[in-house]
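Here is how the chains run, residue by residue.
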Amino acid sequence: VSATPAEVRRWSEEVAADPGSLSFLPLAGAYRAQGRVEAALRLCLRGLERHPTHVEAHHLLGLLYRDTGELVKAFDEWDIALALAPEHVAARREIGLAAAELGEWVAALRYLERAAEQTPDDAEVGQALARARERAGGSAPAAAPPAAVPADAPADASAPGDGGEPGAVPHAEAQRAFEALTEERGIAGALLLDDQGFLLAGRMEAGGADRGAEVAAVLSGARLEAVRALRHLKLGAWQGILVETPDAVVCLSPAGADALVAVAARREVPTGWVLRVAGRAREAAGRLLGGGGTA
Amino acid sequence: VSAYRELLGRVNRINGVRGSMMVAAEDGLIVEEDLMVGVPGPAAAALVASLFRRARRSMQAAEFGSAAYLQVDGEDGLLFAAAPPELGDLLLVVIAERWVNVGMVRLEAARVAAAMG
């Protein structure tokens, strides 16, 4: 139901009189309905400065970003809404639809299946879910849970993306470079991943088996969440993640714009040494990715 | 002043720390916080808890054990989440400047864990 002119005037007066008024939300919604997206965006951002945990405001801001074509920012806002309110149906729906639009089919499937359970009559969700079910079989995006990645997924340089495009990394050379890193004392694995979480080269051994594919799928999603957390806290561009367990240290860091490297070591290896090996992995990635070509 | 608040106060006395929180790892809700003005606590708590859960899943997938410490490096600051067994389901989250003494933060995190145990 669209707002009446009297309502818009009242909300506008309330916001003008009290910048902390929650009337910013219906007013921003009314502006959006009128096609005044920029005004709605400004209002929503100002409102969130006063009410940073307002779930509906994050959801609306996501819609406004989508209206302006900024899908990544939109995704961030819906993700925040969902983090604040895990049962938020609309945010889950929008993330699912956005993932489908980006061709991230496994992630789309995960969100849309839940959304369809919550709103079975939503035709748009139903159609997108059908597409995601058709397409999800061959892809393993960053957000996929480990169970979605076959344990025996090959460390193939050709990332199995939607179009099956060949990877730019010469596989044999990359595999050699990253395997050489794992021969260092105490290093349990070194991986080169693309920005979608596909394993391009390397291995990561634990319990006598190569766990590279499973780790790659989950870790690359961690990168996205780290980027969002840093952005939200105004801590700048992400430079790396370090995770420690009683048995291991794992370092994930960016290698250029489109790739990541992950290095794991046994716990007795000093963290500084792990970071040095990660630096060498980044250098190797830079050489390999910068060189391009095919295997 | 709660016991948590007192422990967070000790962490915050380290030069370069912008604030710290005790956060429930499973739902990202703040149990106690002591943050500088302008640091968006609830949203940050939710995001860090989600990131920590993912790191934990990743470590379990690799059979590396349970994640106990997470550090995210940003160009302008650092984010720490510590989950020693003494804290149960709680995370100690610390937000700091880029130049903070990481060793001091870790030491104080260990002291907090010991005090909780």
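Parameters at a glance
- Residues numbered from 1 in each chain as written.
- Chains lettered and ligands numbered in written order.
- Predicted model: local features only at pLDDT ≥ 70, side-chain atom pairs only at ≥ 80, totals over all residues.
- Heavy atoms only, no water.
- Helix = DSSP H or I, 4+ residues; strand = E, 2+ residues; numbered from the N terminus.
- Buried < 20%, exposed > 50% of the residue type's maximum accessible area, 1.4 Å probe, protein only.
- Contact = heavy atoms within 4.5 Å.
- Areas by Shrake-Rupley, 256 points an atom, 1.4 Å probe, with all protein chains shown as cover.
- Core = buried A, V, L, I, M, F, W, Y, C linked by side-chain atoms within 4.5 Å.
- Pairing = 2+ DSSP bridges.
- Buried area = accessible area lost by both parts, 1.4 Å probe.
- Salt bridge = Lys/Arg side-chain N within 4 Å of Asp/Glu carboxyl O.
- Polar contact = N/O pair within 3.5 Å; in protein donor to acceptor, adjacent residues only side chain to side chain.
- Nonpolar A, V, L, I, M, F, W, Y, C, P; charged D, E, K, R; others polar.
- Axes fitted to C-alpha atoms, helices over the stretch in contact; angles between N-to-C directions.
- Parallel < 35°, antiparallel > 145°, perpendicular 65-115°, else oblique.
- Left-handed = near helix turned anticlockwise from the far one by under 90°.
- Expected span 1.5 Å × (residues − 1).
- Arc of directions from axis to C-beta.
- pLDDT = per-residue confidence, 0-100.

A.B. asks: How should I be thinking about the overall build of chain A in this particular structure?
C.D. replies: Along its length, chain A carries 11 helices and six strands. Taken over 295 residues, chain A has a buried fraction of 51%. Restricting the contact set of chain A to residue pairs at least 6 apart, pairs at least 24 apart contribute 50%. When the accessible surface of chain A is totalled, it reaches about 13,300 Å², and 52% of it is carbon and sulfur.

A.B. asks: Would you mind going over the nonpolar core with me for this structure?
C.D. replies: Across soluble globular proteins, nonpolar side chains have a tendency to be buried as a group. Counting 50 residues, the largest nonpolar core has Ile241 of chain A together with Phe64 and Leu70 of chain B as the members making the most contacts within it. In terms of residue count, the dominant contributor to this core is helix 2 (residues 41-61) of chain B (nine residues). Discounting residues that sit within four places of it in the chain, Leu70 of chain B has contacts with Ile241, Leu242 and Val243 of chain A together with Leu51, Phe52, Ala55, Leu79, Phe80 and Ala81 of chain B. Membership of the second largest hydrophobic core comes to 43 residues, among which are Leu192, Val274 and Ala278 of chain A together with Leu7 of chain B.

A.B. asks: How should I be thinking about the pairing of strand 1 (residues 17-24) of chain B in this particular structure?
C.D. replies: Along a regular strand, successive side chains alternate from one face of the sheet to the other. Residue and element names in this part refer to chain B. Among the eight residues in strand 1, eight count as buried, and that is most of the element. In this structure, strand 1 lies alongside strand 5 (residues 90-97), joined through seven bridges in antiparallel fashion. Paired with Val23 across the bridge in strand 5 is Leu91. Where strand 1 meets strand 2 (residues 30-35), five bridges bridge the pair, whose relative direction is antiparallel. By the bridge assignment, Met21 is partnered in strand 2 with Glu33. Connecting strand 1 to the antiparallel partner strand 2 that follows it, the hairpin turn spans five residues, and Gly28 within it adopts a positive phi of roughly 75°.

A.B. asks: What is the right way to read the interface of chain B and chain A from this model?
C.D. replies: When the parts of a complex come together, some accessible area is lost, and that lost area is often used as the size of the interface. Each partner contributes to the interface: chain B provides 38 residues, whereas chain A provides 44 residues. Summed over both partners, the interface of chain B with chain A buries about 3,400 Å², with 66% contributed by carbon and sulfur atoms. Among the residues of chain B in contact with chain A, Leu47, Arg54 and Phe64 of chain B are the three that bury the most area, contributing 22% of the side total. For the pair chain B and chain A, the number of links is two salt bridges. The tally of links between chain B and chain A comes to 15 residue pairs in polar contact (both at pLDDT 80 or more). Looking at the side of chain B that touches chain A element by element, the count peaks at 13 residues for helix 2 of chain B. Among the residues forming the side of chain B that touches chain A, the class breakdown is 22 nonpolar, seven polar and nine charged. Relative to strand 3 (residues 69-74) of chain B, strand 4 (residues 238-244) of chain A is paired through six bridges, and the arrangement is antiparallel.

A.B. asks: Looking at this model, I keep getting lost on the packing of helix 3 (residues 37-50) of chain A against helix 4 (residues 55-67) of chain A. Mind explaining?
C.D. replies: Geometry of a packed helix pair, given as the angle between the helix axes and the separation of the axes. Residue and element names in this part refer to chain A. Direction vectors running N to C along helix 3 and helix 4 enclose 150°, while the axes themselves pass 10 Å from each other. Relative to helix 4, helix 3 is oriented roughly antiparallel. Handedness of the crossing formed by helix 3 with helix 4: left-handed. On helix 4, the residues that touch Val37, Ala40, Leu41, Cys44, Leu45 and Leu48 of helix 3 are Ala57, His58, Leu60, Leu61, Leu64, Tyr65 and Asp67. Across the contact of helix 3 with helix 4, the residue classes break down as 11 nonpolar, one polar and one charged.

A.B. asks: Looking at this structure, I do not really get helix 8 (residues 123-135) of chain A. What am I missing?
C.D. replies: Every α-helix carries 3.6 residues per turn, so stepping three or four residues along brings you back to the same face. Residues and elements named next belong to chain A. Across its 13 residues, helix 8 extends 19 Å between first and last C-alpha, which sits within 8% of the 18 Å expected from 1.5 Å per residue. Of the positions making up helix 8, those classed as buried are Val125, Ala128, Leu129 and Ala132. What you see down the axis of helix 8 is that its buried residues fit within an arc of 105°, all on one side. The exposed set on the far side of helix 8, more than 90 degrees from its buried face, consists of Ala123, Gln127 and Glu134. Elements that come into contact with the buried residues of helix 8 comprise helix 6 (89-101) and helix 7 (105-118). For helix 8, the capping residue at the N-terminal end is Asp122, with a side-chain oxygen 3.1 Å from the backbone nitrogen of Glu124.

A.B. asks: Would you mind going over the pairing of strand 1 (residues 187-194) of chain A with me for this structure?
C.D. replies: Residue and element names in this part refer to chain A. Judged by how many residues are buried, strand 1 sits mostly within the fold: eight of eight residues are covered. Of the strand pairs in this sheet, strand 1 and strand 2 (residues 199-206) are connected by five bridges, and their pairing is antiparallel. Looking across to strand 2, one finds that Leu193 is bridged to Leu199.

A.B. asks: Any chance you could explain the packing of helix 6 of chain A against helix 8 of chain A here in plain terms?
C.D. replies: Residues and elements named next belong to chain A. Contact pair helix 6 / helix 8: the axes reach a minimum separation of 10 Å and the direction vectors enclose 45°. It follows from the interaxial angle that helix 6 and helix 8 lie oblique. The interaxial crossing formed by helix 6 with helix 8 has left-handed handedness. Between helix 6 and helix 8, the contacting residues are Arg93, Leu97 and Ala100 on the first element and Glu124, Val125, Ala128 and Arg131 on the second.

A.B. asks: Hey, could you run me through the confidence of the model for chain B in this one?
C.D. replies: Caution is warranted with low-pLDDT regions, since their predicted coordinates should not be read in detail. The pLDDT averaged across chain B works out to 88; a share of 98% of its residues lies at or above 70. The ipTM assigned to the predicted complex is 0.92, against a pTM of 0.60.

A.B. asks: Hey, could you run me through helix 7 of chain A in this one?
C.D. replies: Relative to the 20 Å expected for 14 residues at 1.5 Å per residue, helix 7 of chain A spans 20 Å between its end C-alpha atoms, a close match to the ideal helical length. Three or more residues of helix 7 of chain A are buried, namely Trp105, Val106, Ala107, Ala108, Leu109, Tyr111, Leu112, Ala115 and Ala116 of chain A.

A.B. asks: Which parts of the structure should I look at to understand the sheet that holds strand 6 (residues 259-266) of chain A?
C.D. replies: Strands belonging to one sheet form pairs held by backbone hydrogen bonds; the direction of such a pair is parallel or antiparallel. Ordered in space as 3(A)-2(A)-1(A)-6(A)-5(A)-4(A)-3(B)-4(B)-5(B)-1(B)-2(B), the 11 strands form an open sheet in which the pairing is antiparallel. Pairing within the sheet leaves two strands with one partner each, and these edge strands are strand 3 (209-210) of chain A together with strand 2 of chain B. Its contacts with the sheet place helix 1 (residues 3-12) of chain B against strand 1, strand 2 and strand 5 of chain B, and it is angled at close to 35° to strand 2 of chain B. Sheet strands in contact with helix 3 (residues 102-116) of chain B are strand 4 of chain A together with strand 1, strand 3, strand 4 (77-82) and strand 5 of chain B, and its direction is about 25° off that of strand 4 of chain B.

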